[in-house]
Amino acid sequence: MILNPYPSHPHFAGLIASLEAGDRPVQYLEGLVGSSRSSLIHACLSKLKGPHLLVFQDKEEAAYFYTDLLTLDGTPDRTLFFPSSYKRSVQYQQTDEANIITRTQTLRRLAERRVASFIITYAEALVESVLTRRQLGETTLEIKQGEKINMSFLEEVLQTYGFQLVDFVHEPGQYSIRGGIADVFSYASSHPCRIDFFDDEVDSIRVFDADTQRSLETVKKVNIIPNIQWENEMGEKRISFLEYIPAGTTLWIDHPDLVCDQIDALYERTDLESENGQLIDKAMFLKQGKEIRSLMDGFRQVIFGIAYRKNQDKIWSFSTSPQPAFQKNFELLTSHLKERSSEGYTNYILSDNEKQLERLRSIFDEIDPELQYLLHPKTLHEGFTDHDLKLAFYTDHQIFERYHKFRFHDRFSRKESVSAKELMGLNP
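This is a predicted model, so every value here is computed, not measured.

Participant: Would you mind going over the packing of aromatic side chains in detail, with residue names and values included?
Facilitator: Counted under the stated rule, the structure contains 16 aromatic pairs. For the pair phenylalanine 56 and phenylalanine 65, a centre-to-centre distance of 4.8 Å together with 45° between the ring planes defines the contact as tilted. We classify phenylalanine 56 as buried; its relative accessible area is 0%. Classification of phenylalanine 65 by relative accessible area gives buried; the value is 4%. What links up through ring pairs into an aromatic cluster is the set Tyr64, Tyr66, Phe81, Tyr122, Phe406 and Phe408.

Participant: Could you give me a rundown of unusual backbone geometry, with the residues and numbers involved?
Facilitator: At aspartate 199, a residue that is not glycine, the phi angle is positive and equals roughly 60°. With respect to the helices and strands, the residue aspartate 199 is situated in the loop between strand 10 (193-198) and strand 11 (201-208). We classify aspartate 199 as exposed; its relative accessible area is 66%. Unusually for a residue other than glycine, glutamine 213 sits at a positive phi of about 65°. Mapped onto the elements of the fold, glutamine 213 is located in the loop between strand 11 and strand 12 (215-219). Here glutamine 213 falls in the partly exposed class, since its relative accessible area comes to 29%.

Conventions we followed
Throughout this description, residue numbers start from 1 for each chain and increase along the sequence as written. Per-residue local features are limited, in this predicted model, to residues with pLDDT of at least 70; the limit for side-chain atom pairs, both in listing and counting, is 80 or more; totals at the level of whole chains, interfaces and linings are taken over all residues. Side-chain figures throughout are based on the complete set of non-hydrogen atoms in the structure, without hydrogens or water. Ring pairs are drawn from Phe, Tyr and Trp, using the six-membered ring of Trp, whenever the two centres fall within 6.5 Å, and their geometry is named by plane angle: stacked under 30 degrees, edge-to-face over 60, tilted for the rest. Any residue under 20% of the maximum accessible area for its type is buried, any over 50% is exposed, and the rest in between are partly exposed; the area is computed with a 1.4 Å probe on protein chains only. Helix numbers and strand numbers start at the N terminus; a helix is a DSSP run of H or I with at least 4 residues, a strand a run of E with at least 2.

Below is the structure:
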């Protein structure tokens, strides 16, 4: 967790008061570069009540913002990610199981009214429609510890949901039964669960690792949800995700016009086909940019990108600059830090790697032992300098010109180790 400096910014109190009052339908944030944007927005979200939906142009931008929020907040409990169901794009119709699980988890969390503070999504995810809360509830089987449930009834429900009976579960949509134990891999979880029965009573429920078969945690209840993709629910009415989220949500949008243009482009390029190859009316399952824009206008908005502005809109201007490119020239970096210090700036160097911080410390000690800077064992995606706060943040991956990978919390992934499925399939 990084201590966020933006609550002490000169504009912060006024921005919060204006957002709480709700007197302006649209507000603009200007001049934010690098991770100053995620830092300011995190400070605002931590102060404001109610849910907030952050909409970006593409998955990578949304994922890096999500990673920054996890770093700044220190806990993933308040942050949800809502991705597209597909690997590359909806137009190729190649679904991604990890994305479907994350998407279903977000829908379920919102349906339970355990509303997260931050929900992050992007244009491609908003193209796809979703089931209504009622329909999601009808396709969810909740099993609690201590309740009575017949094993044959459980198996009948799983088969109705389209789950596949296997010897060992290793991916979503599978189940196995061995004596009084049922293993189920729901689309609402990144790991399968093991339900132990004592006669017809649920004795215990454990979440376990599909590769190692080791228990991860014991839970009191579990939600079993099938694949709720449109291909499996052809007859169900679907709505936009913006109709699914709570009515009082505040929207934070990056270039809303570009987001809607991307949605329109995806809609035009995509043709949906059924299993037998027949074309499907895509309007049943996909949303156009004008629909999304119309729904956006029903929410309070904060825009941090270029858009058409009206006279009553409020503009908040910030003075930030991106981290310079030093091209691994530490003499240049040292000179830059020294100049910033002489101008009254506090310099922070960020890194997830303690050894990297030690390496930087030894380099600076060798070049200039009097250099003033602070090291922090967490990093953001992009360094920045805020000239109002007189603070400069530098990331080690930008200094060393390394690729910085975004990360997701508790995400399903196919491990490279030998799985139970592969072991069962071994032949001489």
